[in-house]
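# Structural description and commentary
So you can see what is in the structure, the chains are spelled out below.
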Amino acid sequence: MDPVRRLFPMLLLVVSQSGIADEQVVNALWNDTNGFGIWLYGRPGSCATFDYKNPPYVVFGNGVKKREQFVDGTYSVDLPNTCLAVTATDVPVCTKGSITIIYERASNQYAGTYDFVLRNGEVWKGTFRAERCK
């Protein structure tokens, strides 16, 4: 058998495992201290390194107060006061898009995807993993 063909299944395994590892990287945070919200930073970090004074980031919330009240699912962000961005120069709201959020009890994290268009035309799109910060 050709050596490349023998190695191909192992290469697929390595590629698929690296994709899984990337999905485990924390790039967002969540808390419910003053109402439930998810802060999407779009860059790797942790509660210790994420800082609301260090934009850019996008915040999503749907008005519930505590995690236990939040239902997993896909949410539209074109409703008033559900999504806003904090940039270095502005605080635009999301004008359209959606976010899919799933709570993972074992890790006490949320994971999902988002696709937002901000009032200023900027697009935020990607996957996230959010750890709980107090």
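A short tour of the structure in this document, coming up. (Residues numbered from 1 in each chain as written. Predicted model: local features only at pLDDT ≥ 70, side-chain atom pairs only at ≥ 80, totals over all residues. Heavy atoms only, no water.)

## Some details on the overall build of the protein
Looking only at helices and strands, the protein has 1 helix and 8 strands in total. Start at the N end of the protein and walk to the C end: the helices and strands fall as α-β-β-β-β-β-β-β-β. Taking all 134 residues of the protein together, 35% fall into the buried category. Here the analysis covers contacts within the protein between residues at least 6 apart in sequence; of these, 46% occur between residues at least 24 apart. As displayed, the protein offers around 8,200 Å² of accessible surface, 58% of which is attributable to carbon and sulfur atoms. (Helix = DSSP H or I, 4+ residues; strand = E, 2+ residues; numbered from the N terminus. Buried < 20%, exposed > 50% of the residue type's maximum accessible area, 1.4 Å probe, protein only. Contact = heavy atoms within 4.5 Å. Areas by Shrake-Rupley, 256 points an atom, 1.4 Å probe, with all protein chains shown as cover.)

## Overview of unusual backbone geometry
With an omega of 10°, the peptide bond between proline 55 and proline 56 qualifies as cis. Turning to its location among the elements, proline 56 is positioned in the loop between β2 (37-40) and β3 (57-60).

## Topic: the state of the cysteines
By the definition in use, this model includes 2 disulfides. Across the disulfide, cysteine 47 is cross-linked to cysteine 133 (sulfur-sulfur distance 1.7 Å). With the S-S bond torsion at -90°, the cross-link from cysteine 47 to cysteine 133 turns out left-handed. Here the residue cysteine 47 occupies a position in the loop between β2 and β3, and cysteine 133 occupies one in the segment after β8 (123-132), the gap between them amounting to 86 residues. Here cysteine 83 engages in a disulfide with cysteine 94; their sulfurs sit 1.9 Å apart. A residue pair is termed long-range when its members are at least 10 positions apart, and cysteine 83 in strand β5 (residues 83-86) and cysteine 94 in strand β6 (residues 94-104) qualify at 11 residues. (Disulfide = S-S within 2.5 Å.)

## Quick notes on the nonpolar core
Ile38, Ile99, Tyr110, Phe116 and Phe128 are the most contacted members of the largest nonpolar core, which totals 24 residues. Those elements giving two or more residues to this core turn out to be β1 (28-31), β2, β3, β5, β6, β7 (109-118) and β8. Beyond its immediate sequence surroundings of up to four residues, phenylalanine 128 is in contact with Asn27, Ala28, Ile38, Leu40, Ile99, Thr100, Ile101, Tyr110, Ala111, Gly112, Thr113 and Tyr114. Core analysis: the second largest hydrophobic core is formed by 9 residues, Trp39, Val59, Val86 and Cys133 among them. (Core = buried A, V, L, I, M, F, W, Y, C linked by side-chain atoms within 4.5 Å.)

## A closer look at the pairing of β6
With 4 bridges connecting them, strand β4 (residues 73-76) and β6 associate as antiparallel partners. The partner of serine 76 across the bridge, within β6, is serine 98. Sheet topology places β6 next to β7; 10 bridges connect them, and they run antiparallel. When the sheet's bridge partners are listed, lysine 96 is paired in β7 with valine 117. Connecting the antiparallel pair β6 and β7 is a turn made up of 4 residues, with asparagine 108 showing a positive phi of about 55°. (Pairing = 2+ DSSP bridges.)

## Quick notes on the side chain of asparagine 27
Secondary-structure assignment places asparagine 27 in the loop between α1 (3-23) and β1. There is a polar contact of 3.1 Å between the side chain of asparagine 27 and the backbone oxygen of threonine 127. Among all residues touching asparagine 27, those that are not within four sequence positions of it are Leu40, Tyr41, Gly42, Arg43, Pro44, Phe50, Thr127, Phe128 and Arg129. (Polar contact = N/O pair within 3.5 Å; in protein donor to acceptor, adjacent residues only side chain to side chain.)

## So, the packing of aromatic side chains
Within the structure shown, the criterion is met by 12 aromatic pairs. When the ring of phenylalanine 36 is compared with that of phenylalanine 70, the centres are 4.5 Å apart and the planes differ by 25°; the resulting orientation is stacked. A residue pair is termed long-range when its members are at least 10 positions apart, and phenylalanine 36 in the loop between β1 and β2 and phenylalanine 70 in the loop between β3 and β4 qualify at 34 residues. Like phenylalanine 36, the residue phenylalanine 70 is buried in the burial classification. One aromatic cluster in this structure is built from Trp30, Phe36, Phe60, Phe70, Tyr75, Tyr103 and Tyr110. Note that arginine 67 overlies the ring of tyrosine 103, its terminal NZ or CZ placed 3.9 Å from the centroid. (Phe/Tyr/Trp six-rings, centres within 6.5 Å; stacked < 30°, edge-to-face > 60°. Lys NZ or Arg CZ within 6 Å of the ring centre and 35° of its normal.)

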